[in-house]
Amino acid sequence: MVFNSLVFLVFFAIVYVAYRLLPHRGQNVLILVSSYIFYGWWDWRFCGLIALTSLCSWGSGLAIGHFRRRGASRAAWWSCAANVGLNLGILGVFKYYDFFASSAAAAAAALGWTADVPLLRVILPVGISFYTFQALSYTLDVHRGQMRPTRNAVDFCAFVAFFPQLVAGPIERASNLLPQIENPRTVTPEGTREGIWLVAWGLFKKCVIADNLAVLVDGVFNGGGTATAGGAACLLAVYAFAFQIYCDFSGYSDIARGLAKMMGVDLMLNFNNPYFALNPKDFWARWHISLSTWLRDYLYIPLGGNRRGAARKYANLFLTMLLGGLWHGAAWTFVAWGAFHGALLVAYHAWTSWMGFGKGRVDSGRCVWLRRIAMFNLACVGWLFFRAETIAQAWSMLGAIFGRWAWDAQAANILCATILFAAPLWAVQALQVASGRLDAPRRLSPVPRIALWIVMAVGFLLFGNTGGGAFIYFQF
Amino acid sequence: MPVLGILAAGLLGDGFWGWVDSSVPGRWFDWGRAFGPAGLALGVAGLLFAGAWRLLVGRKGGFAVVAPCALAGLLAVECAVRLSTPQAAFWLAVRSRLGEQPFMREVCYVRLEEAAGRMDSAPAVVVIGSSQVLNGVDVPALDEALRPERRAIRRAMFGMTPLKALCMRAYFPFRPGDLCATMLSEFDFTNQEEFPADWFRPYASWRTLPDVLSCMGARTCRAHWRQAVDGAMAATWELWRMRDGAREIAFHAVGREAAADAASAGSTSASGAALAAEKARGPLQRAAAEEKAFVRLTERLQADGVRFVVFEGDVHPAIQSAFRVAEKRRIRAWLQGFGSASFRYVPIDELGLSFDLGDWKDMTHLSSTGRAKFTWAMAATLQSEP
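Throughout, a residue's number is its position along its own chain's written sequence, starting from 1. The naming scheme follows written order: chains are lettered A onward, ligands numbered 1 onward. Only residues with pLDDT of 70 or above have their local features reported here, since the model is predicted, and side-chain atom pairs are shown and tallied only from 80 upward, although totals for entire chains, interfaces and linings are computed over all residues. Side-chain calculation: all heavy atoms of the structure are included, whereas hydrogens and water are not.

## What to know about the overall build of chain B
- Numbering of helices and strands runs from the N terminus, with a helix taken as a DSSP run of H or I at least four residues long and a strand as a DSSP run of E at least two residues long. Helix and strand counts for chain B come out as 21 helices and five strands.
- Contacts are residue-level and defined by heavy atoms, with any inter-residue pair within 4.5 Å sufficient. A sequence separation of at least 24 residues applies to 79% of the contacts in chain B between residues at least 6 apart.
- Per-residue and other accessible areas follow the Shrake-Rupley method at a 1.4 Å probe size, with only the shown protein chains counted as cover for residues. Accessible surface, chain B: about 18,300 Å² in total, of which carbon and sulfur atoms supply 62%.

As structure tokens, this is what we get:
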């Protein structure tokens, strides 16, 4: 069941009406049941796995709390480690086993050895990366003493499976979402209006912008299109993909936040106009914020962060981004993307350190737009690897852009279509950046607000993808 | 804003129509239009818009103001796109960007004809049907033969079965006293696609959709409820009916790429043709929905004061299997038994035609010689109609 489908519309209408009529505890049971129905709609077998993750994490939290009260810190540590190991083990088996097994077999073959490595060929459960990290954040926060374990299994399972953000985030922290589940919620008219706007804007970004840009991008990246596309078409396809993936992913996040808002729940912001970032560090403070902060708090900082000298800091940064790339999928293109961003971050930190920023010297803040354009293009280089089917294809496209430049009808069509579909996005983003407020479109005076709604409605009717296309991040 | 209006008027001349037609215009900017009545009108519109913007900036306007105004604006856009000039510009722009897409090309033809309207006051023969009719009837020659008493108007479409004709009925420019002529073979009553939403979408209307859905039956509609909703949206909104064409314009704004044409053009090998022939000889799956649709179409045409003349269609002798011959006899008996004063069935024997092998282009479509034979026979029959 995807958000951009009639089935979900009917599902949410029923759930929402029941939600508004039920008391708090009934609402939590409804959240749990409806979330499992939502998740089971993909494949009922997935429900067993998420239930296992949820119950083990809940039990682990209780065990950690119990051992900490008794002063048995070692036992608490083992409880935490066991749960982390179990969850990462499940994630590893379902998501990474076949990848590493086939890569090992390929490496052995390259060295002249024969390695008959069995493959599992299991279906990747939708959203496993998201809810695994979400459940792990609870266990780790309880172990660190940053939150108390919850005794209510229904509340905890509802927190892990909360359907608006279950399959593609935001990866919620237990400290943010779990108290909202445990405590009575208030649905306000303003919250409902904000929720409706977020859902509408998110659907527009997904169904009108992202799904139509996907047609252009697929025409170049898929099925040998790279071999025939000229340099200009390749470059413009990468730019189109940058907007496609942003609208696809941020659209989902907006819909998730909007649905949650309508239920009186505040989910964390996941995107903050990332293509207006000034540098790599700023980019990761704006793109997939829930993942970047999770990696910072549970990987980078435990590895030592920046507390053990510059070399260790750069190594930690690079490793964190490398694993962040691998989190996205079991393919070398994602690893390359992560490594690229790791290298960018290391280079940026090295440069700021060399320039003495933060040690009495302040960034002049000049050439803001030049920096934004440069950072956008650097991000697009990463997207090229992210989207390419193979590393070889990515290099081939780079070769076409820099060595086989040709302006043709395909490039012109990609440019015109990208401008057509992305123009509303750019208008809204310009408004948000100029005003410094993400809710700027809702604060417009009536005429431009009316014009925006008309553009969205006409866009839906003319170009909205009604095929219920899956969101890109579902595959992660 | 007024300046933008004047500039827009200048561009909405040769420049705009050149882009519509994917051709290079004589001039991109028409100064005469920019500073003429069109420029004045658009400039005033821009001034009014800017005035409204300034008046309302800072004013608060919640859901109670924004929602109805946005809805009114959407309805205004919907009404504007239904006007004949925007329709003509749109479908011309789609047609010039289609490449090898015969179905969409025919949709553009029908929509452009509909936008132009029926000029002639003489009664007409509206020729409907599938590719068998497109290949088998030379409509300009038929028109020549029937003048001055009648004109011939083509509304045949690739893949048009009775169910699709029922859906498309709102685009048949009938007037009382007209004739509707078609060619039907046993193939037209078989199930090619259970719910052809893509075919229905450009033509759906509330005048015809209820008939189509009732012929398909509740079970089919439930099984294909998404397509039924798609049909309902298309029946309601012209913007929805335009969406397939809008995507063609959006993705080929400056014209079709040559590589895309090469990729979409099909090629038929000798072995492929033999396979197709073998499949065509095989049993055909009867579709009750098509037979119901044919009956409903006949009733609607009668109610509109239109006489329906159905010519028996034929196929290449090579695929005249025992099954097809039996099915042909069944359809013929059924159509001959139609008890309707405004319906006439013309079996192929009655036309005095015999097609030889050279009259066939392929297994189901007539060649140019076969088309000429059939067209003259059809004209002679229609001339005898009241």
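## Section: the environment of B:Met1
Residues and elements named next belong to chain B.
- Following the sequence through the fold, Met1 ends up in the segment before α1 (2–11).
- Classification of Met1 as partly exposed rests on a relative accessible area of 43%.
- Sequence separation of Met1 and Gly43 is 42 residues, and the distance between their C-alpha atoms is 7.3 Å.
- Beyond its immediate stretch of four places on either side in the chain, Met1 contacts Gly46, Phe49 and Ala50. Remark: exposure states derive from per-residue accessible area (1.4 Å probe, protein chains only) relative to the maximum for the residue type, with buried under 20%, exposed over 50%, and partly exposed in between.

## Brief notes about the interface of chain A and chain B
- Each side of the interface is counted separately: chain A has 29 residues, and chain B has 35 residues.
- When two parts are put together, the accessible area they lose, computed with a 1.4 Å probe and summed over both, is reported as buried area. Carbon and sulfur atoms supply 76% of the area buried between chain A and chain B, which totals about 2,700 Å² over both sides.
- Salt-bridge detection follows one rule: a side-chain nitrogen of Lys or Arg within 4 Å of a carboxyl oxygen of Asp or Glu. Counting across the interface, chain A meets chain B through zero salt bridges.
- For the side of chain A that touches chain B, the elements supplying multiple residues, two or more each, are α1 (6–21), α8 (189–221), α17 (409–435) and α18 (446–463) of chain A.

## Overview of the sheet that holds strand β3 (residues 179–184) of chain B
Residue and element names in this part refer to chain B.
- Strands qualify as paired when DSSP identifies two bridges or more between them. Strands sit in the order β2-β1-β3-β4-β5 across an open sheet of five strands; the sheet is parallel. Where the open sheet ends on each side, the last strands, each with one partner, are β2 (151–154) and β5 (343–346). The mean inter-strand angle of the sheet, taken between neighbouring strand axes irrespective of direction, is 20 degrees.
- Of the strand pairs in this sheet, strand β4 (residues 307–312) and β5 are connected by four bridges, and their pairing is parallel. The partner of Phe311 across the bridge, within β5, is Val346.
- Helix axes are fitted to C-alpha atoms over the stretch in contact, other axes to C-alpha atoms as well, and angles between N-to-C directions run from 0 to 180 degrees. Lying over the sheet, helix α19 (residues 288–303) contacts β3, β4 and β5, oriented at roughly 145 degrees with respect to β4.

## Considering the environment of B:Ala228
Residue and element names in this part refer to chain B.
- When you line up the elements, Ala228 lands in helix α14 (residues 225–236).
- Residue Ala228 is classed as buried on the basis of its relative accessible area of 16%.
- Between the alpha carbons of Ala228 and Leu213 there is a distance of 7.9 Å; along the sequence they are 15 residues apart.
- Once residues lying within four places of it in the same chain are set aside, the contact partners of Ala228 are Phe195, Leu213 and Cys221.

## Regarding the nonpolar core
- Counting residues in each nonpolar core, the largest one holds 211 residues, and the members touching the most others are A:Tyr275, A:Trp287 and A:Trp383.
- For this core, the leading source of residues is helix α10 (residues 231–262) of chain A, giving 20 residues.
- Core analysis: the next-biggest nonpolar cluster, separate from the first, contains 28 residues, B:Val133, B:Met183, B:Ile348 and B:Leu366 among them. Among buried residues, the Ala, Val, Leu, Ile, Met, Phe, Trp, Tyr and Cys ones that are joined through side-chain atoms within 4.5 Å form a nonpolar core.

## Describing helix α16 (residues 391–403) of chain A
Residues and elements named next belong to chain A.
- Multiplying 1.5 Å by the helix residue count minus one yields the expected span of that helix. The end-to-end C-alpha separation of α16 is 18 Å, in line with the 18 Å expected for 13 residues at 1.5 Å each.
- Where α16 is concerned, the buried positions are Gln393, Ala394, Met397, Leu398, Ala400 and Ile401. Each buried residue of α16 lies within a common arc of 160 degrees when the element is viewed along its axis, so the set occupies one face. Opposite the packed face of α16, turned more than 90 degrees from it, sit the exposed residues Ala392, Trp395, Phe402 and Gly403. In this description, one arc is meant: the one made by directions from the helix axis to the C-beta atoms.

## Structural notes on the pairing of β3(B)
Residues and elements named next belong to chain B.
- Counting buried residues along β3, six of its six residues qualify, which places the element largely inside the surrounding structure.
- Residue alternation in β3 divides its side chains into two sets, Leu179, Ala181 and Met183 and Cys180, Thr182 and Leu184, and both sets are buried.
- Note that strand β1 (residues 124–127) and β3 share three bridges and pair parallel. Looking across to β3, one finds that Val125 is bridged to Leu179.
- Of the pairings in the sheet, the one linking β3 to β4 comprises six bridges and is parallel in character. Bridge pairing links Ala181 to Val309 in β4.

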